[in-house]
Amino acid sequence: MKKITTPFRSKSNLLLKACLLFIAFLPAPLQSQNYRTIDAYLEDFGKNEMYVKKALMDYTVTIVESQLDSRSKVTAARIIEKIENINNLLRRTDKGFQGNTMLRDSFIKMNEKTVESLKNGSLILSDYDYQSNLSLPEIGENLAKKETEMMDYYKELKNYENDKKYFGSCYRFHFKAPVGKNILEYNAYQNILFYKLNVMDEKLSKVIAAVDKKGFDECMNMIAVMHQQILEKTTEYNNYFKDNSLNNANIQYANFINDQKVQLANLFKEYATQYEILQGLKKSNSPETPEKINAYNEAVRNYNAKKNMFYAVFNDIQNTKKTMYDNWFSINSEFLKHNGEFDDIHTKFAYND
């Protein structure tokens with residue numbers, strides 16, 4: 001039986017690599033010193049933060065997906081080590097302003113949430129193969145947990161923004177409001193919709209490889225439920241930005257994954273039925289007779305015919321899917337490029353009343 005391969009699964013998610021750049025481009029932490037004015041402290045702190053945000057967006061826009069899934073854990077371990085080193089440096093060198101370390105502490109806490117999210121896997125959206133080896137109930141539980149953990153991660157980022165606002169108010173300073181809507185959070189939620197589809201599609205490939213009729217039906221039923229949920233989410237996200245290209249790409253991809261049932265279900269059932277008949281004849285202990293040999297040969301012919309008919313359609317679907325998969329990343333990159341707006345890192349970080 002032909003082995004099913006999904007070469008386009010080797011691409012890892014934008015968030016994990018974006019986190020790597022987040023750390024790689026982080027400038028040296030604030031030097032240990034006593035700032036004479038709040039303006040000086042905020043400007044130094046602001047250069048660090050704005051530089052990180054700008055680098056994060058630039059890298060996310062220009063990223064070329066090429067990292068193997070098997071390296072995700074290694075990459076995450078490097079990121080974790082660097083974040084922890086940076087937090088240790090900040091604790092030693094950033095003494096805050098007049099002993100007030102609230103802004104520094106909140107930034108460190110946000111970094112700690114990134115570490116936690118990497119360790120529990122909620123920011124790793126490339127483990128299709130691992131997830132697809134689990135049972136469907138386990139997959140459902142893992143996907144729900146990963147989505148919840150990602151939402152918690154962005155809540156921590158919002159907490160940091162709120163802490164910044166309060167810190168500034170203590171000194172009658174205001175931080176500039178973020179330009180536009182939170183594009184990275186929006187992008188993350190779109191990413192996880194795409195990720196969930198690919199996990200389920202990888203599971204579908206596994207049950208097809210096993211010629212598992214029951215598994216095929218259960219998998220397609222779960223995909224149908226997920227498809228409806230994604231349509232509801234994308235309806236909610238519609239017009240969140242004027243540019244709906246990424247939202248539309250997820251709708252198109254979800255429709256395509258769900259529509260595989262219409263194209264494959266009957267062909268797979270016939271193929272799997274002939275497979276079961278052939279396996280039954282192979283296991284038969286009855287004496288070989290001309291009739292048995294003829295029946296076996298006929299079963300082989302029927303099996304090969306049904307198998308070839310199935311894979312002719314399946315392989316065509318896989319080719320189209322690969323094109324759509326690759327195109328999704330191009331659309332994602334273009335979306336970020338056209339909608340990601342960050343203030344210049346050299347402009348004023350905060351202003352007073």
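Bear in mind that the values here come from a model prediction, so they are computed numbers and not experimental data. (Residues numbered from 1 in each chain as written. Predicted model: local features only at pLDDT ≥ 70, side-chain atom pairs only at ≥ 80, totals over all residues. Heavy atoms only, no water.)

**Overview of the pattern of salt bridges**
For clarity, the threshold we go by: For this analysis, a salt bridge means a side-chain nitrogen from Lys or Arg found within 4 Å of a carboxyl oxygen belonging to Asp or Glu. Secondary structure follows DSSP: runs of H or I at least 4 residues long count as helices, runs of E at least 2 residues long count as strands, and numbering of each begins at the N terminus. Throughout, exposure labels follow a simple rule: accessible area from a 1.4 Å probe, protein chains only, divided by the maximum for the residue type, with under 20% read as buried, over 50% as exposed, and the rest as partly exposed.
Counted by the stated rule, this structure contains 14 salt bridges. Between Asp152 and Lys155 there is a salt bridge, with the nearest N and O atoms lying 4.0 Å from each other. Of this pair, Asp152 and Lys155 both sit in helix 6 (residues 136-170), 3 residues apart, roughly one helical turn. By relative accessible area, Asp152 is classed as partly exposed at 31%. For the salt bridge of Asp326 with Lys322, the shortest nitrogen-to-oxygen distance reads 2.9 Å. With Asp326 and Lys322 both in helix 10 (residues 290-339), this residue pair falls 4 residues apart, about one helical turn. Judged by relative accessible area, Asp326 falls into the partly exposed class, the value being 21%.

**Thoughts on unusual backbone geometry**
Of note, Gln98 is a non-glycine position whose phi angle comes to about 55 degrees, a positive value. Take Gln98: it is sitting in the loop between helix 3 (72-93) and helix 4 (102-119). By relative accessible area, Gln98 is classed as exposed at 65%. The backbone phi angle of Val211 is positive, close to 50 degrees, even though this residue is not glycine. The topology assignment puts Val211 in the loop between helix 7 (183-209) and helix 8 (213-237).

**Description of helix 7**
Here is the rule: By this rule, a helix spans an expected 1.5 Å times one less than how many residues it contains.
Across its 27 residues, helix 7 extends 39 Å between first and last C-alpha, which sits within 8% of the 39 Å expected from 1.5 Å per residue. Across the 27 residues that make up helix 7, a large majority, 25, are buried. Of the residues flanking the end of helix 7, it is Val211, one or two places downstream, whose phi is positive at about 50 degrees.

**So, the packing of aromatic side chains**
Our working rule: Centre distance within 6.5 Å is the pairing criterion for rings of Phe, Tyr and Trp, where only the six-membered ring of Trp is used; planes under 30 degrees apart are then read as stacked, over 60 as edge-to-face, and the remainder as tilted.
One pass over the full model with this rule turns up 29 aromatic pairs. Each ring, one from Tyr186 and one from Tyr240, has its centre 5.5 Å from the other, and the planes form 5 degrees; the classification is stacked. You can see Tyr186 sitting in helix 7 and its partner Tyr240 sitting in the loop between helix 8 and helix 9 (245-283), a full 54 residues away along the chain. On the basis of relative accessible area, Tyr240 is assigned to the partly exposed category, the value being 36%. Three or more aromatic residues joined by ring pairs form one cluster here, namely Phe216, Phe268, Tyr271, Tyr275, Tyr303, Phe310, Tyr311 and Phe314.

**A closer look at the nonpolar core**
What counts, and what does not: Within this scheme, the nonpolar core is defined by two criteria: the residues are buried Ala, Val, Leu, Ile, Met, Phe, Trp, Tyr or Cys, and they are joined through side-chain atoms within 4.5 Å.
The biggest cluster of nonpolar side chains holds 63 residues, and the ones touching the most others in it are Ile139, Met200, Leu204, Ile208, Phe216 and Phe310. Looking at this core, the elements with two or more residues in it are helix 3, helix 4, helix 6, helix 7, helix 8, helix 9 and helix 10. Core analysis: the second largest hydrophobic core is formed by 16 residues, Phe45, Phe97, Leu103 and Phe173 among them.

**Observations concerning the packing of helix 7 against helix 10**
Put simply, the rule reads: Fitting a line to C-alpha atoms yields each axis, with helices limited to the stretch in contact; the angle taken between N-to-C directions then spans 0 to 180 degrees. For classification purposes, an angle smaller than 35 degrees is called roughly parallel, one larger than 145 roughly antiparallel, one from 65 to 115 roughly perpendicular, and anything else oblique. Residues count as neighbours in contact if any of their non-hydrogen atoms are within 4.5 Å of one another. Residue polarity is assigned by list, with Asp, Glu, Lys and Arg as charged and Ala, Val, Leu, Ile, Met, Phe, Trp, Tyr, Cys and Pro as nonpolar; anything else, Gly included, falls into the polar class.
At their nearest, the axes of helix 7 and helix 10 sit 12 Å apart, and the two run at 170 degrees to each other. If you check the angle between helix 7 and helix 10, you find them roughly antiparallel. On helix 10, the residues that touch Ile183, Tyr186, Asn187, Gln190, Asn191, Phe194, Asn198, Asp201, Ser205 and Ile208 of helix 7 are Phe310, Tyr311, Phe314, Gln318, Lys321, Tyr325, Trp328, Phe329, Asn332, Phe335, Leu336 and Asn339. A breakdown of the residues in the contact of helix 7 with helix 10 according to their chemical character gives 12 nonpolar, 8 polar and 2 charged.

**Comments concerning the environment of Asp212**
Short version of the rule: What qualifies as a polar contact is a pair of N or O atoms within 3.5 Å, subject to a donor-acceptor requirement within protein and to the restriction that residues adjacent in sequence count only when both atoms come from side chains.
The topology assignment puts Asp212 in the loop between helix 7 and helix 8. Along the primary structure Asp212 and Thr273 are separated by 61 residues, whereas in three dimensions their C-alpha atoms are 10.0 Å apart. With sequence-adjacent residues up to four places away left out, Asp212 is seen in contact with Val207 and Phe268. One polar contact links the side chain of Asp212 to the main-chain amide nitrogen of Gly215, over a distance of 2.8 Å.

**Let's talk about the side chain of His227**
Summarising the element assignment, His227 is placed in helix 8. By relative accessible area, His227 is classed as buried at 10%. The residues touching His227, leaving out its near neighbours within four places in the chain, are Ala254, Asn255 and Asn258.

**Concerning the confidence of the model for the protein**
In plain terms, the rule: For every residue, the pLDDT score states the predictor's confidence, bounded by 0 at the bottom and 100 at the top.
Here the protein averages 81 in pLDDT, and 77% of its residues register 70 or above. In the model, residues 1-12 has pLDDT below 50 throughout and makes 49 contacts with residues more than four positions away in sequence or in other chains. Note on residues 59-70: pLDDT is under 50 here. Beyond four places in sequence and across chains, it has 32 contacts.

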